[in-house]
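# Per-entry structural report
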Amino acid sequence: MSQEILKVENLCVKVLDKEILKGLDLVIGEGETHVIMGPNGAGKSTLGNTLMGKSEYEVTSGKITFLGEDLLEMKTDERARKGLFMSFQNPIEVPGVRLSEFIRNSCDALGNKMSLWNFKKAAAEQMKVLNMDPKYLDRELNVGFSGGEKKKAEILQLLMLKPRLAILDETDSGLDVDAVRTVSEGVKAYHEQVGGALLIITHSTRILESLKVDKVHVVADGHVVAEGDRSLVDEINESGFEKYIKA
Amino acid sequence: MSEEKTIVDDINRSVYDVIDKENSATRLEEGLNEDIIRRISEEKDDPDWMREFRLNCLKIYNELEVPQWGPGIEGLDMSHISTYVRPKTDMKNSWDDVPEDIKNTFERLGIPEAERASLAGVGAQYDSELVYHNVMKEVEEQGVVYTDFESALKGEYSDMVREHFMKLLVPTDHKFNALHGAVWSGGSFVYVPKGVKVSIPLQSYFRLNAKGAGQFEHTLIIVDEGADLHFIEGCSAPKYNVANLHSGCVELFVSKNAKLRYSTIENWSKNMYNLNSKRAIVEENARMEWVSGSFGSHTSYLYPSTILKGDNSTMEYTGITFAGEGQNLDTGMKVMHVGKNTSSVVNTKSIAKSGGVSTTRTSVQVMPGAKGAKSVVSCESLMVDNISRSDTIPVMDIRTDDADIGHEASIGSIPDDAVFYMMSRGMSEEDARALIVSGFADNVSRELPMEYAAEMNNLIRLEMKGSIG
Amino acid sequence: MAEKIMINSLVPPTWNRLKVNETYVELPGAFSSAIEENLTEADAGKWKIETGCGKELSDYLENAGVKPVLANVRSGILNMIKPVYKEDSADIICIDIPENETVNILTDLTSDESTKATAVFQILIKAGNNSVVNLTQVIRPGKGLKLINDIGSEISGKAQVNLVQIFTDGSDINAGYRAELSGDDSFAGCRIGLIRSNGETLDMNYVMKHFAPRSKSEISVSGALSTGAKKIFRGTIDFVKGCAGADGTENESVLILDDTVINKTVPLILCTEENVAGSHGASIGKPAEDMLYYMMSRGIDKEKALRILERAALESAVSHIEDQTALEYVMNIINENEDNE
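What comes next is a walk through the structure. Quantities reported herein were computed from a predicted structural model and do not represent experimental measurements.

## Considerations on the overall build of chain A
- A tally of regular secondary structure across chain A gives seven helices and 12 strands.
- For 247 residues, the compact-globule formula gives about 18 Å, and the C-alpha radius of gyration of chain A, at 18 Å, lands near that figure.
- C-alpha atoms of chain A, sized along the principal axes, occupy 55 × 40 × 35 Å.
- Expressed as a percentage of contacts within chain A between residues at least 6 apart in sequence, the contacts between residues at least 24 apart total 73%.

The following block contains the structure:
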């Protein structure tokens, strides 16, 4: 295994007084691609939001180490500046704030300050990969974006912000075949350009088709119930999650 | 983002807060009485009718009550306000001739620079009188008149001025109109002849430097048939620990087929009582546009009003008010639909923070016979914390069947989800909140020329700094 | 001695010249009761509930010796309150609903054409935790009756007060309602349908005071005005500090059927709490041309089409009546009115 960048140990998380994660363990190495699969309500998105530090997600016990540091001690923006990224399942609409303004402010925050000219050039380049019209940069952040447009805008941010570890939370859900392909292209480009690690949270497998997968974790009822290589994806494709769900 | 912050630090309030040593040529004693009015009139060498007008206004002032419906103005004592302060210079038309300290103040505010870059003419008032006035040659050659008010009163256009002066904002309307009529000084007169389109804006900037003084400039703009003008007004003052008063009047006449846009970025210091009146009358097929940003002052009463007199006349109002600590800003607009097929579109945004009080007060009146009137009003308020106050007080008075009136108002806070989303991209909570508030104000900044939009965004960032408990 | 008193004041006020800040009414010096049933006197000290018309009216009634009485209301039935107006009268009816109870109340305020009088009808409601009060009011005073219909309510935790008011043609009316949402998750609903014509006035002041967390209020007004009618609707949603999570909405839709009416709408949103959602929407104007056209294409003449739209305005409020008996009662009145025309 390559050098470890994320280590989750015995993670227990409560949301609104309900225990969702019940002792989850996970280790991700530099540049690796991990997949978290599991039925609805298994706690997959809770894991993503807990890693990113959303306030409603209360960690009751356990430990998360990211690049050797205690992640739970950091606020959300510090985590991002450390190199953590999450592609949101339902990115929020923020009226009046342009997509370009948002990404540029984020790049600045991450220490990659660019002139407007250079920024636009870099963004246009990445938008080509995603088959996105550069005019989107002038649109208000996610306002009136279709599901597919929102996901593309998320992947654009992934390509511009170049994190060490990217969490993709149900990035493929609700997308048509073409959109899934475009998004996969973007994810591949990130992997090639940046060499960062990926944690792909999904309950389908379409986005995985064109990606190299190092490890698959099946999560059910708040913890990892099975682990394996890519073949586990195919198995679940065939027989579903039934055998992992407690009667 | 840390870089950005340095930029914000660089434009901090000090730009506005620099106090020039008071070095005026004349400063009338504080208070308000007939003797003072006569001396102002003498100082200004008024025509007889104007002197009589002033004295009559003083009478009206003494008879009228202080308004009871708005923010308290107990802190304003006219016996402690000097109504006339003449700067130590007469009006120049080259910045090089303006005294160094005054020129430096306007340099810091970026006025000469803006003039070079993007304005067709500039008037700069310092305390009670203009110290600088200049119009681009090409614009002058089009026949556009842009002068200080005193010259207009005596020159070629004196009849036109007399015919319009305080005819829209009549002294009996309310106490502060009467006060203005009695002590007004400075301001600008603009006349745009028939069919002339002024492609770049004119600007007047008002700076009140004298402590415990009032500024009462009068702006009169007449846009003749088919003409087109954009006028920008800016204002600021350094902060004192005594009350200052601004009570200007703006009268706008928009003739048939003409168009006027009037933009204001108001950034008075937080000891200022800003009791300002603005009114436009719009003739057939003509259009009035207001863009208004209110950031400064201790207490504001500001409701630009529009009379849609002519058939097919239209107006659009876009405004933002940001009330921070110690501020009580009562702002809004009024529109009266009189002609047939008139339309008004109103968008207001208000932000209350750190104990500030923001009140959005609007009135839409549709008179009997104003067939085909359309009005759409939208008022949005943002509460940044729970120690501030934000009120929305709209009135609609509709007296015709053939009207289409829509009104929407909403109030809310900065969504936690949006803050989390931005923080997940590395922005600090403070920056995320500031960006969301800027976004909230975006439709107003979009209406402003670029430099002014940038100034407004900087003001918002400045106000949002340190807004997290 | 008759006296002029101030009611329905707007807080905070706005420009005086718009004439919406308050209303003055002339009241007689002495009142009788219009309730025929003998009701127990209530402890006045316990029923100091502020109403929409305001304190000046309540004080005036107290000084005139009008005593609050306790209504006999029970759950499981429709409780009917129908005053009989013959002379100047005033009644203060107190409705005390214990925890977990649900009661349905219908009031029908009407009078004979021969009655020439001034009447004040005041209802004070205390809704205990988890209780539900469904109050439906038909307000249709005869030509000679000047009516003030005034309500105040105190709503405890998770309790609901659902008010439906139907104003049909009649004489001049002043109306007030103030809901104090003092319990967590309390709810105040207020659905108003109104028709005004022939120079009648309707002067209203409705105030939703949100004191408690997650309290919710909904006001909707739908109506039609014609032939010299004057209506003023003041609606205030007041988010008081501490009401985090509160939600208040106000909606008004008024059809103006000719050029002789005066329609004033004053929808205030006041706020000293950060985490709230308040909204107001109004649409005022003539009926959509395509709607009239559509009806006329089906052979309905314009007059009839306008009557249909007036009726629709009332029905949008009627649809919120929970109790079946009350609903039928109100529909009968609406249908009767239509037949008379």
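## Let's talk about the overall build of chain B
- The number of helices and strands found in chain B is 14 helices and 25 strands.
- The C-alpha radius of gyration computed for chain B amounts to 22 Å, which stays within 12% of the reference 23 Å derived for 469 residues, consistent with globular compactness.
- A principal-axis box enclosing the C-alpha atoms of chain B has dimensions of 65 × 60 × 45 Å.
- In chain B, the share of contacts with a sequence separation of at least 24, taken over all contacts with a separation of at least 6, comes to 83%.

## Quick word on the pairing of strand 16 (residues 287-294) of chain B
All names here are of chain B.
- The element strand 16 is extensively covered by neighbouring structure, given that seven of its eight residues are classed as buried.
- With eight bridges connecting them, strand 13 (residues 259-267) and strand 16 associate as parallel partners. Bridge assignment links tyrosine 262 to a residue of strand 16, and that residue is tryptophan 290.
- Direction of pairing for strand 16 relative to strand 19 (residues 314-323): parallel, over a ladder of eight bridges. Paired with valine 291 across the bridge in strand 19 is threonine 318.

## Remarks on the environment of leucine 168 of chain A
Residue and element names in this part refer to chain A.
- Here leucine 168 shows up in strand 9 (residues 165-169).
- For leucine 168, a count of 27 C-beta atoms within 10 Å corresponds to the buried category.
- Residues leucine 168 and leucine 99, 69 residues apart in the sequence, show an inter-C-alpha distance of 19 Å.
- Those residues in contact with leucine 168, other than ones at most four positions away along the chain, are Ser87, Val187, Leu198, Ile200 and Ile201.

## Topic: the sheet that holds strand 11 (residues 215-220) of chain A
Residues and elements named next belong to chain A.
- With mixed pairing, six strands are arranged side by side in an open sheet as 6-9-10-3-11-12. In the strand order of this sheet, the two ends are held by strand 6 (84-87) and strand 12 (223-228), each with one partner. Strand-to-strand twist across the sheet, computed as the mean angle between neighbouring axes with direction ignored, equals 20°.
- Where helix 5 (residues 147-161) meets the sheet, it contacts strand 6 and strand 9, and its direction lies at approximately 165° from that of strand 6.

## Examining the interface of chain A and chain B
- With 23 residues of chain A at the interface, the matching set in chain B holds 23 residues.
- Of all elements in the fold, only helix 2 (76-82), strand 7 (94-98), helix 3 (99-109) and helix 5 of chain A reach the threshold of two or more residues within the side of chain A that touches chain B.
- For the side of chain A that touches chain B, the residue count by class is 12 nonpolar, five polar and six charged.

## Comments concerning the sheet that holds strand 5 (residues 69-70) of chain A
Residues and elements named next belong to chain A.
- Here four strands make up an open sheet; going across it, the order is 2-1-4-5 and the pairing antiparallel. The open sheet is flanked by strand 2 (18-29) and strand 5, the only strands paired with a single partner.
- Bridge analysis of strand 4 (residues 57-66) against strand 5 gives two bridges, and the strand direction is antiparallel. Note on strand 5: the bridge partner recorded for phenylalanine 66 is glutamate 69.
- Against the sheet, helix 1 (residues 44-52) contacts strand 1 (4-15), strand 2 and strand 4, and its axis sits at roughly 70° relative to strand 4.

## A few points about the arrangement of the chains
- Of all two pairs of chains in contact, the one with the most contacts involves chains B and C.
- Taking C-alpha atoms as the reference, chain A and chain C come no closer than 16 Å and do not contact one another.

## Concerning the pairing of strand 14 (residues 272-275) of chain B
All names here are of chain B.
- Of the two faces of strand 14, both are covered, the one formed by Met272 and Asn274 as well as the one formed by Tyr273 and Leu275.
- When strand 11 (residues 244-246) meets strand 14, the two strands line up parallel, connected through three bridges. Looking across to strand 14, one finds that histidine 246 is bridged to asparagine 274.
- Judged from the three bridges that link them, strand 14 and strand 17 (residues 299-302) form a sheet pairing that is parallel. Bridged to asparagine 274 within strand 17 is serine 300.

## Describing the environment of valine 444 of chain B
Residues and elements named next belong to chain B.
- Take valine 444: it is sitting in helix 13 (residues 442-445).
- Looking at valine 444, the number of C-beta atoms within 10 Å reads 23, which means it is buried.
- Between the alpha carbons of valine 444 and methionine 456 there is a distance of 9.3 Å; along the sequence they are 12 residues apart.

## Let's talk about the interface of chain B and chain C
- Facing 32 residues of chain B, the contacting portion of chain C comprises 38 residues.
- Contributing elements (two or more residues each) for the side of chain B that touches chain C: strand 22 (357-366), strand 24 (389-398) and strand 25 (403-413) of chain B.
- When the residues that make up the side of chain B that touches chain C are grouped by side-chain class, the tally is 12 nonpolar, 10 polar and 10 charged.
- The sheet contact formed by strand 24 of chain B and strand 17 (residues 262-271) of chain C spans six bridges and is antiparallel.

## Focus on the nonpolar core
- Core analysis: the biggest nonpolar cluster contains 311 residues, and Val190, Val223 and Val254 of chain B together with Ile95 and Val161 of chain C have the highest contact counts within it.
- At eight residues, the largest contribution of residues to this core is made by strand 7 (residues 117-127) of chain C.
- In this structure valine 190 of chain B touches Val145, Tyr146, Leu202, Ile221, Leu229 and Phe231 of chain B, once residues within four positions along its chain are discounted.

## With respect to the packing of helix 3 of chain A against helix 5 of chain A
All names here are of chain A.
- Between helix 3 and helix 5, the least distance of the axes is 10 Å, while the angle of their chain directions is 30°. When the axis of helix 3 is compared with that of helix 5, the two are roughly parallel. For the pair helix 3 and helix 5, the sense of crossing is right-handed. Only Ala153, Gln157, Met160 and Leu161 of helix 5 make contact with helix 3, whose side of the interface consists of Leu99, Ile103, Ser106 and Cys107.
- Taken together, the residues of the contact of helix 3 with helix 5 sort by class into six nonpolar, two polar and no charged.

## Some points on helix 3 of chain A
Residues and elements named next belong to chain A.
- Helix 3 sits mainly inside the fold: nine of its 11 residues count as buried.
- Burial in helix 3 covers these residues: Leu99, Phe102, Ile103, Arg104, Asn105, Ser106, Cys107, Asp108 and Ala109.
- Backbone geometry just downstream of helix 3 places glycine 111 in the positive-phi region, at approximately 85°.

## Regarding unusual backbone geometry
- For the peptide bond that leads from valine 11 of chain C to proline 12 of chain C, omega is -5°, which places it in the cis range.
- In this model, asparagine 257 of chain B sits at a positive phi of 60°, which is unusual for a non-glycine residue.
- Turning to its location among the elements, asparagine 257 of chain B is positioned in the loop between strand 12 (249-254) and strand 13.
- C-beta crowding within 10 Å serves as the criterion here: with 21 such atoms nearby, asparagine 257 of chain B is assigned to the buried category.
- Notably, aspartate 185 of chain C is not glycine yet its phi reads approximately 60°, a positive angle.
- With respect to the helices, strands and loops of the structure, aspartate 185 of chain C is situated in the loop between strand 11 (173-181) and strand 12 (187-196).
- Residue aspartate 185 of chain C is classed as buried on the basis of its 20 C-beta neighbours within 10 Å.

## Re the environment of alanine 117 of chain C
Residues and elements named next belong to chain C.
- With respect to the secondary-structure elements, alanine 117 resides in strand 7.
- Distance from alanine 117 to glycine 245, taken between C-alpha atoms, is 45 Å for residues 128 residues apart in sequence.
- Beyond its immediate chain neighbours, meaning those up to four positions away, alanine 117 contacts Tyr85, Glu87, Asp88, Ser89, Gly144 and Leu145.

Definitions and cut-offs
- Residues numbered from 1 in each chain as written.
- Chains lettered and ligands numbered in written order.
- Predicted model: local features only at pLDDT ≥ 70, side-chain atom pairs only at ≥ 80, totals over all residues.
- Helix = DSSP H or I, 4+ residues; strand = E, 2+ residues; numbered from the N terminus.
- Rg over C-alpha atoms; globule rule 2.2 N^0.38 Å.
- Contact = placed C-beta atoms within 7 Å.
- Buried ≥ 20, exposed ≤ 12 C-beta atoms within 10 Å, placed from the backbone.
- Pairing = 2+ DSSP bridges.
- Axes fitted to C-alpha atoms, helices over the stretch in contact; angles between N-to-C directions.
- Nonpolar A, V, L, I, M, F, W, Y, C, P; charged D, E, K, R; others polar.
- Core = buried A, V, L, I, M, F, W, Y, C linked by C-beta atoms within 7 Å.
- Parallel < 35°, antiparallel > 145°, perpendicular 65-115°, else oblique.
- Left-handed = near helix turned anticlockwise from the far one by under 90°.

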